[in-house]
Each structure stands twice: as C-alpha cells, then as structure tokens.
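# Fold and geometry: a report
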Amino acid sequence: MKEKLQKIRENAIAEIEKSDSLAKLNEVRTAILGKKGELTAVLKGMKDVAPEERPKVGQLVNETRGAIEEKLEEIKKKLEAEALRARYESEKIDVTMPAVTNKKGNLHPITQVRNQLIDIFGSMGFEVYEGTEIETDHYNFTALNTPKDHPARDMQDTFYLSPEFLLRTQTSAGQIHVMEAKKPPIKIISPGKVFRSDDDATHSPMFTQMEGLVVDKGITLCDLKGMLDELVKKIFGKETTTRLRPSYFPFTEPSVEVDVSCFQCGGKGCKLCKGTGWIEVLGAGVVNNKVLAGCGIDTDEYSGFAFGIGIERIAMLKYGINNIKLLFESDLRVLDQIDD
Ligand code: DAH
C-alpha cells in the first residue's frame, strides 16, 4: 500500500509539473482527486485494510493528498501568472505611437465670414433680419427708388419668375420690409443669398450679401464712416482704414463706394490692391429720402445710412481665394484650409 501511494504521488507530481495550461491541470486534478480518481479509489479500498493498519494508511493517504494538492496549487499559481503575463503582452499599448487623428470639420468659409460679421455687428447693437429669396419687383426695385425703366436696373441682371416675382438681386429689399414693419430707431443687418445672371472669376449667379440699415434722429455720413472704420479693423486688422469714393445707388444719396487700405502691403501697393494701396469692399450711402418717405418715415425727423457687403468678396480677400468658383465647388482640399 505504501509503495502504491508513493507511486501515485510521484506519478501525480510528474503529471502536474507537465501541465502547461490551467485546463490541463484541471484534468490532472480530476484524474487523481476526482470521484473516479486514483487516490479516491485507494480511499474506497480502505475497508479492505486491516483495522489496526487503517490509521497509518489513512495518515499516509492524507499526506499524499496534501502533497498533491500543494503541488496543484503551486503549479496553478505559476500557470495563472504566466497567463496574466501573456495577456499583458498581447494587450500591450505603445503609448509612443502617433495617435489616430480624427478629421475635424469646419464651417464653410462663407458661413465663417457671415458669422464673424454677425458677431461684429451684434456687438455694435445690430439686430438680424432675414428676408426671403423670392421677392416682388416692388420690394427689390421700385420701393428702393428704382422704378421700371430706371437705368440702374441694368446694373443687376435679374432672374424673373413672373412679371411680378423675381429672385432678389440684393438684400436691400429687406430694408423696405423692416422700415414698413418697425418705427425708428432701426439698426439691422440682413444676411442672405442673392441672385444675378452674372458668371465669371469674381461673379457667381448666386452669392451672399449682408445688408445694413440704420435709421434714427441725426444720422449722417459721418456715422457711416465711423462704423465702417470700426468694422474693417475687426475684419482685416487694427491698421486698416477706410476711404469713401463717390458712387451711385438709387436708394442712397449721397452714395459711396468703400475702399479699405490694403491689408497685405499696408497701402504701399501690391498685386492684391493692383498697386493702388486700396481695395474696394462695399457699397453704402445715406438712405435716399424718397425711400424713407415711401415707408412712411418722416424725413424731417429721421435720416439713415445703409450699406451692402458682398460676403464672397470679403472671404476671397481674407483667405486669398482668386476664383469665386472655389467657394461653390465643395472641394475639401480648399475648404479644409480655411478654419478661422
Ligand atoms: N444693393 C447694392 C448692390 O447689390 C449694395 C448696396 C449699396 C447696398 C449701397 C446698400 C447701399 O444698402 O446703401 O450692389
């Protein structure tokens, strides 16, 4: 019996040591200590042992069992540690590897400039009025002192939808709606799409404008100039100044074309400003009394100024874009570069 137990013990220890996985180790445990295991079989055979021998044999069996269990525990710990190490190895992260970058989206340049302008004007106390893209001939032209057969209509090749309705050619149409709906003081901007049958490197049949209108007591051209000076500094930089040139719009009197000092060369003359030191950026003027009166505003008491900014033009100048089509082709190689 003693030898048999010794044999089982040696055999078991060898088997346990050979186990190279926790699953294998479990198999070995069952084969020895399980219900049908070798050692269990010995225990079952105790009844055949002479009674005086039993305590001794019992003690021997227990010792054998203890030794086997100890070995099982030892190898289990070792295998567990190995498994953990292997897992750490396989899940190892190289923290020095360059991160996978996610492409960040950005707003379209026109939206960026539009939002920047809304922020600047908002800080000056302007409210936003959004007009409609389909207008009547009356609001787009007649009420803006541009009756039928007025030569100024030729300045804007119009898409007519019917003799009465058209795609607005200018956000100026919004001025009339605002003045009809609201008594002065009025201080609004009106951004939106406008449409003209015009198509070359700097013109597109659809483009974006931002109209401005201020009506109050004692408004003069000086107020316009002061506001523009503030505006261009915020858009093009602190050094930028403005220059007003006489112009003509039916709805303003006097009318001006506004130039900014070239923000690229500082006024010395370069390619951008075509050597003049100045860049034309918008049209403006003192609101024509005929327009105010047509909206029921007392011109003895009130006066106003108005302006119209081409957003694409500002975006092209600001971001160095030489063809307006680049703003409408949705080429991400272009658009990705502009994130102000
Ligand atoms: N509506 C003009 C255009 O589309 C721009 C403009 C000029 C608007 C003078 C104004 C203004 O409000 O006063 O060319």
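Residues numbered from 1 in each chain as written. Predicted model: local features only at pLDDT ≥ 70, side-chain atom pairs only at ≥ 80, totals over all residues. Heavy atoms only, no water.

Before going further, it helps to spend a moment on the overall build of the chain. Helices and strands together make up the secondary structure of the chain, namely 11 helices and 9 strands. Here the chain has a C-alpha radius of gyration of 44 Å; the compact-globule value for 340 residues is 20 Å, and the former is much larger. Each of the three principal axes of the chain carries a C-alpha extent, and together these read 135 × 45 × 40 Å. The burial tally for the chain puts 42% of its 340 residues in the buried class. (Helix = DSSP H or I, 4+ residues; strand = E, 2+ residues; numbered from the N terminus. Rg over C-alpha atoms; globule rule 2.2 N^0.38 Å. Buried < 20%, exposed > 50% of the residue type's maximum accessible area, 1.4 Å probe, protein only.)

What follows is about the pairing of strand 9 (residues 303-310). As a general feature of sheets, a regular strand has side chains that alternate between the two faces. Taking burial as the measure, the 8 residues of strand 9 include 7 buried ones, the bulk of the element. Across 8 bridges, strand 5 (residues 206-216) lies against strand 9 in antiparallel orientation. When the sheet's bridge partners are listed, Met210 is paired in strand 9 with Ile309. Bridge count between strand 8 (residues 278-287) and strand 9: 5 bridges; the pairing is antiparallel. (Pairing = 2+ DSSP bridges.)

Moving on, we come to the site of the ligand. Inspection of the region around the ligand gives 16 residues, with Gln170, Ser172, Arg196, Gln209 and Glu211 positioned closest. Take Gln170: an N or O atom from its side chain is 2.8 Å from a nitrogen atom of the ligand. A distance of 3.1 Å separates an oxygen atom of the ligand from a polar side-chain atom of Gln175. Its free accessible area being 350 Å², the ligand has 92% of it covered by the protein chains. Looking at the shell around the ligand, the elements with two or more residues in it are strand 5, strand 8 and strand 9. Of the residues belonging to the shell around the ligand, the class tally is 5 nonpolar, 9 polar and 2 charged. (Near = heavy atom within 4 Å. Polar contact = N/O pair within 3.5 Å; in protein donor to acceptor, adjacent residues only side chain to side chain. Areas by Shrake-Rupley, 256 points an atom, 1.4 Å probe, with all protein chains shown as cover. Nonpolar A, V, L, I, M, F, W, Y, C, P; charged D, E, K, R; others polar.)

In this section: the state of the cysteines. With the rule as written, the count across this model stands at 0 disulfides. Left without a disulfide partner, Cys265 is nearest to the cysteine sulfur of Cys262, which lies 3.6 Å away. (Disulfide = S-S within 2.5 Å.)

This part takes up unusual backbone geometry. A cis geometry characterises the amide bond from Pro184 onward to Pro185, with omega recorded as 5°. Mapped onto the secondary structure, Pro185 falls in the loop between helix 7 (173-181) and strand 4 (186-195). Cis rather than trans, the peptide bond between Glu253 and Pro254 has omega equal to 0°. Looking at the element boundaries, Pro254 is found in strand 7 (residues 252-261). Even without glycine at this site, Asn145 takes up a positive phi of about 60°. The class of Asn145 is buried, set by a relative accessible area of 17%.

This part takes up the packing of aromatic side chains. Using the criterion set out here, one finds 6 aromatic pairs in the structure. Between Phe121 and Phe307, the ring centres sit 5.3 Å apart and the planes meet at 20°, which makes this aromatic pair stacked. With a gap of 186 residues between them, Phe121 in helix 5 (residues 109-123) and Phe307 in strand 9 connect regions that are remote in the sequence. Summarising the burial analysis for this pair, Phe121 and Phe307 share the class buried. One aromatic cluster is present, formed by Phe121, Phe126, Phe305 and Phe307 through successive ring pairs. (Phe/Tyr/Trp six-rings, centres within 6.5 Å; stacked < 30°, edge-to-face > 60°.)

For the rest of this paragraph, the subject is the environment of Arg29. With respect to the element layout, Arg29 can be found in helix 2 (residues 22-33). Taking the C-alpha atoms as reference, Arg29 lies 24 Å from Lys47; in sequence the two are 18 residues apart.

As a further point, take the nonpolar core. In terms of nonpolar packing, the biggest core is built from 42 residues, with Phe121, Leu231 and Phe307 touching the most fellow members. Elements represented by at least two residues in this core include exactly helix 5, strand 5, helix 8 (221-236), strand 7, strand 8, strand 9 and helix 10 (311-319). Among the elements that line this core, the one with the most residues is helix 8, at 7 residues. Beyond its immediate stretch of four places on either side in the chain, Leu231 contacts Leu117, Ile120, Phe121, Met124 and Ile309. Listed in part, the 20 residues of the second largest apolar core include Phe251, Leu292, Cys295 and Tyr302. (Core = buried A, V, L, I, M, F, W, Y, C linked by side-chain atoms within 4.5 Å. Contact = heavy atoms within 4.5 Å.)

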